[in-house]
Amino acid sequence: MDDIISWQHPHIPWMTLFPRNSRDNTRITLGEKERSALSEDWNYSFKGLFQLLKARQCAYFYLCGNTFTVLFRAVEGRTEIHAFMSPTTHGLLQSLRQEGIEFSMPLKKDKTCSQLKPDSSDSTQLETEINKEEGSCNTDSEEEEEEEEWLERLEVDVKDIQKIQSAHERKFKSQEMSEDFSDNSLMFIEGAECQGFFSFLLNAKSTIGTVGRLAGVPPILLAPVAFPKATMQYLNTRSSKYVWTG
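In this text, all values refer to a predicted model and were calculated from it rather than measured experimentally.

The secondary structure content of the protein chain amounts to five helices and seven strands. What you see in the protein chain, going N to C, is helices and strands ordered as β-α-β-β-β-α-α-α-β-α-β-β. Here the protein chain holds 246 residues, and 38% of them are scored as buried. In the protein chain, the share of contacts with a sequence separation of at least 24, taken over all contacts with a separation of at least 6, comes to 69%.

Here's what the structure looks like:
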């Protein structure tokens, strides 16, 4: 265990905001006025920190929520900023898709078309795997269209076709939900998609937990440089397992 200096926001002396699952946070209740003030301050701080990242004045920062952690990076050797989020869930991924935000899941065993996006700056091996998956997805899509046309030629009832399609959707959903909150649910976003992802986190109601010990308290922002409304603090860090970072 090591002590490191970090800039953080928010800083509430009577709460342990990192790690988020600390058992010290008991019998803490925030009123609507306090929650609103914390949210407004956090939005301003998060916007300022993200701008520092885009301007390459901050190499990385963490956003640690109640149920997830996000690492934003703008490091040498990569032309675009990128982000990792872990763990994720089927519901979260669906929300990102609805917002038109593209992402990849490099640790997921069974990838799907909507989860894959070619990454020219990743290793050749990862590119090859993604291209193979995309080819497989295109083939599957063509096969499904041919299957539907074949069923229509056989004059299969439209309701029966819809039942078959629903079965496919349930199978896909079940496969995706099987790895909710697991290490394999790690999500990777790069380039222009990071702006959309930032806006999603800024506006999503789920970003700030509404239940639990830290209900109403925004995620903690941790960075190696000063940013708007941040305070300098000592943090105790401890690592128990290796996490893939690309």
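We now examine the packing of aromatic side chains. For the coordinates displayed, the defined rule picks out 10 aromatic pairs. Residues F50 and F198 carry aromatic rings whose centres are separated by 4.3 Å and whose planes lie at 5° to one another, so their mutual orientation is stacked. Taken together, the positions of F50 in helix α1 (residues 32–54) and F198 in helix α5 (residues 193–203) put the pair 148 residues apart, joining distant regions of the chain. Take F50 and F198: they sit in the same class, and that class is buried. Seen from their ring centres, F72 and F197 are 5.9 Å apart, and the 35° between their planes marks the pair as tilted. With F72 in strand β3 (residues 69–73) and F197 in helix α5, this pair connects stretches of sequence that are 125 residues apart. Both residues of the pair, F72 and F197, belong to the buried class. Grouping aromatic residues by their ring pairs yields a cluster made of W42, F46, F50, F61, F72, F197 and F198.

Once that is clear, we can look at the packing of α1 against α5. Following both chains from N to C, one finds α1 and α5 inclined at 170°, their axes separated by 11 Å at the closest point. Compared by their axis directions, α1 and α5 come out roughly antiparallel. The two elements α1 and α5 cross, and the hand of that crossing is right-handed. Contact residues: W42, N43, F46, K47, F50 and K54 in α1; C194, Q195, F198, L201 and L202 in α5. Here the residues of the contact of α1 with α5 sort into seven nonpolar, two polar and two charged.

Looking now at the pairing of strand β2 (residues 60–64). Strand direction decides the pairing type here: β2 and β3, joined by five bridges, are antiparallel. Looking at the pairing, L63 lines up with V70 of β3. What sits between the antiparallel neighbours β2 and β3 is a turn of four residues. As judged from the three bridges shared by β2 and strand β6 (residues 220–223), these two strands associate in the antiparallel manner. By the bridge assignment, Y62 is partnered in β6 with L222.

Turning to its location among the elements, P106 is positioned in the loop between α2 (90–98) and α3 (124–153). For P106, a relative accessible area of 17% gives the class buried.

Turning next to α1. Counting along an α-helix, one turn takes 3.6 residues, and residues three or four places apart therefore face a common direction. The terminal C-alpha atoms of α1, which comprises 23 residues, lie 33 Å apart, in line with the 33 Å expected from a rise of 1.5 Å per residue. R56 sits one or two positions beyond α1 and adopts a positive phi of about 65°.

Evaluation of the coordinates by the stated rule reveals two salt bridges. The partner of D41 in a salt bridge is K229, with the nearest N and O atoms 3.5 Å apart. Residue D41 is found in helix α1, and its partner K229 is found in the loop between β6 and β7 (231–237); the two are separated by 188 residues along the sequence. Look at D41 and you get partly exposed, because its relative accessible area is 31%. The class for K229 is partly exposed, based on a relative accessible area of 42%. Between R78 and E190 there is a salt bridge whose closest N-O contact spans 3.0 Å. Residue R78 is found in the loop between β3 and β4 (82–86), and its partner E190 is found in strand β5 (residues 187–190); the two are separated by 112 residues along the sequence.

Conventions used here
Residues numbered from 1 in each chain as written. Predicted model: local features only at pLDDT ≥ 70, side-chain atom pairs only at ≥ 80, totals over all residues. Heavy atoms only, no water. Helix = DSSP H or I, 4+ residues; strand = E, 2+ residues; numbered from the N terminus. Buried < 20%, exposed > 50% of the residue type's maximum accessible area, 1.4 Å probe, protein only. Contact = heavy atoms within 4.5 Å. Phe/Tyr/Trp six-rings, centres within 6.5 Å; stacked < 30°, edge-to-face > 60°. Axes fitted to C-alpha atoms, helices over the stretch in contact; angles between N-to-C directions. Parallel < 35°, antiparallel > 145°, perpendicular 65-115°, else oblique. Left-handed = near helix turned anticlockwise from the far one by under 90°. Nonpolar A, V, L, I, M, F, W, Y, C, P; charged D, E, K, R; others polar. Pairing = 2+ DSSP bridges. Expected span 1.5 Å × (residues − 1). Salt bridge = Lys/Arg side-chain N within 4 Å of Asp/Glu carboxyl O.

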